[in-house]
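# Summary of the model geometry
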Amino acid sequence: MAPSAVQLPSDFGYVLGAAAFTGAVYLWQSFRVGAARRKYGVKYPKMYATGDDQDSNTFNCIQRSHQNSSETIGPVMVMQALLGLYHPITAASLGVAWAIGRIAYTIGYSSGDPSRIMYTIGYSSGDPAKRIPGFFVSFLCMVGLLCCGVIVGVQSVMQS
């Protein structure tokens, strides 16, 4: 069987825009880790600060928020692109919401002020529990991408 050309939907540009936004969020996270390395004196190649002091904890929370995104960004981008071939607005919406969830996760994870769980900018005490709202947003979007992708895949197989 010869491969056939893929016709991109006219709204696929939204998927590309969502992917670019996700890339920008990921880059922002890496800049935060770099700034935290300088602030807390964590030299390469160390992944994490050692010790139980507040500065080590805060750096580790900032680093972990970026690493957690590294663990999930690949599958999210692939699922978004594949779903976007059939339902580009849904794929783009879930992709943008996932990235917004990652912003809330990152800010919440590196925040120490309970009154600013999702909106803290800067590096304060690093309370890991404050990552929960952003985690749920991004997790639900990832599950949504997966479920929609499975449904589209099954429909595609059944139609052929």
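The rules behind the values
- For every chain, the first residue of the written sequence is number 1, and numbering continues from 1 onward in sequence order.
- Predicted model: local features are reported for residues with pLDDT of at least 70 only, side-chain atom pairs are reported and counted for 80 or more only, and whole-chain, interface and lining totals are derived from all residues.
- The basis for every side-chain value is the complete set of non-hydrogen atoms in the structure, without hydrogens or water.
- For Phe, Tyr and Trp, where Trp contributes only its six-membered ring, two rings pair if their centres lie within 6.5 Å, and the inter-plane angle classes them as stacked under 30 degrees, edge-to-face over 60, or tilted in between.
- By the criteria applied, helices consist of DSSP H or I runs no shorter than four residues and strands consist of E runs no shorter than two, each listed in order from the N terminus.
- Accessible area is worked out with a 1.4 Å probe on protein chains only. A residue is then buried under 20% of its type maximum, exposed over 50%, and partly exposed in between.
- Geometrically, a lysine NZ or arginine CZ counts as sitting over a ring once it is within 6 Å of the ring centre and also within 35 degrees of the ring normal.
- UniProt positions are given in the numbering used here, feature names are shortened, and annotations may be inferred rather than shown by experiment.
- In this analysis, axes come from line fits to C-alpha atoms, helices being fitted only over the stretch in contact, and the angle between any two N-to-C directions falls in the range 0 to 180 degrees.
- The scheme is simple: roughly parallel for angles under 35 degrees, roughly antiparallel for over 145, roughly perpendicular for 65 to 115, oblique for anything else.
- Throughout, a residue-residue contact means that at least one pair of heavy atoms, one from each residue, lies within 4.5 Å.
- Put simply, a nonpolar core is a bunch of buried Ala, Val, Leu, Ile, Met, Phe, Trp, Tyr and Cys residues held in one set by side-chain atoms that sit within 4.5 Å of each other.

## With respect to the packing of aromatic side chains
- Under the criterion given, the structure shown has three aromatic pairs.
- Ring geometry for phenylalanine 135 against phenylalanine 136: centres 5.5 Å apart, planes inclined by 65°, an arrangement best described as edge-to-face.
- Considering the side-chain rings of phenylalanine 135 and phenylalanine 139, the 5.5 Å spacing of their centres and the 15° angle between planes classify their relative orientation as stacked. You can see phenylalanine 135 and its partner phenylalanine 139 sitting in helix α4 (residues 132–159), four residues apart, about one turn around the helix.
- The class for phenylalanine 135 is partly exposed, based on a relative accessible area of 32%.
- Judged by its relative accessible area of 35%, phenylalanine 139 falls in the partly exposed class.
- An aromatic cluster of three or more residues is present, and its members are Phe135, Phe136 and Phe139.
- For the cation-ring pair, arginine 37 lies above tyrosine 44, with the distance from its terminal atom to the ring centre recorded as 4.0 Å.
- The ring of tyrosine 105 carries arginine 102 above its face, with NZ or CZ at 4.1 Å from the centroid.

## Examining the UniProt feature "transmembrane region" (unreviewed entry) in the protein chain
- In this structure's numbering, the residues bearing the UniProt feature "transmembrane region" (unreviewed entry) are residues 12–29, 85–105 and 132–154.
- Helix makes up 86% of residues 85–105 and strand 0%, whereas the separation of the span's terminal C-alpha atoms amounts to 28 Å.
- In the segment residues 132–154, helix accounts for 100% and strand for 0%; the C-alpha atoms at its two ends are 32 Å apart.

## Some points on the packing of helix α2 (residues 54–84) against helix α3 (residues 88–109)
- The contact between α2 and α3 brings their axes to 10 Å, and the two run at 180°. When the interaxial angle is binned, α2 and α3 end up roughly antiparallel. Of α3, the residues touching α2 (which contributes Cys61, Arg64, Ser65, Asn68, Ser69, Thr72, Ile73, Val76, Gln80, Leu83 and Gly84) are Pro88, Thr90, Ala91, Ala92, Leu94, Gly95, Trp98, Arg102, Tyr105, Thr106 and Tyr109.

## Quick word on the nonpolar core
- Counting residues in each nonpolar core, the largest one holds 17 residues, and the members touching the most others are Val15, Val76, Leu83, Leu94, Trp98, Met142 and Leu145.
- Of all the secondary structure elements, the ones that give two or more residues to this core are α1 (12–40), α2, α3 and α4.
- Broken down by element, the residue count for this core peaks at five residues, all from α3.
- One finds Val33, Val42, Ala49 and Phe59 within the second-largest nonpolar core, a separate group that totals seven residues.

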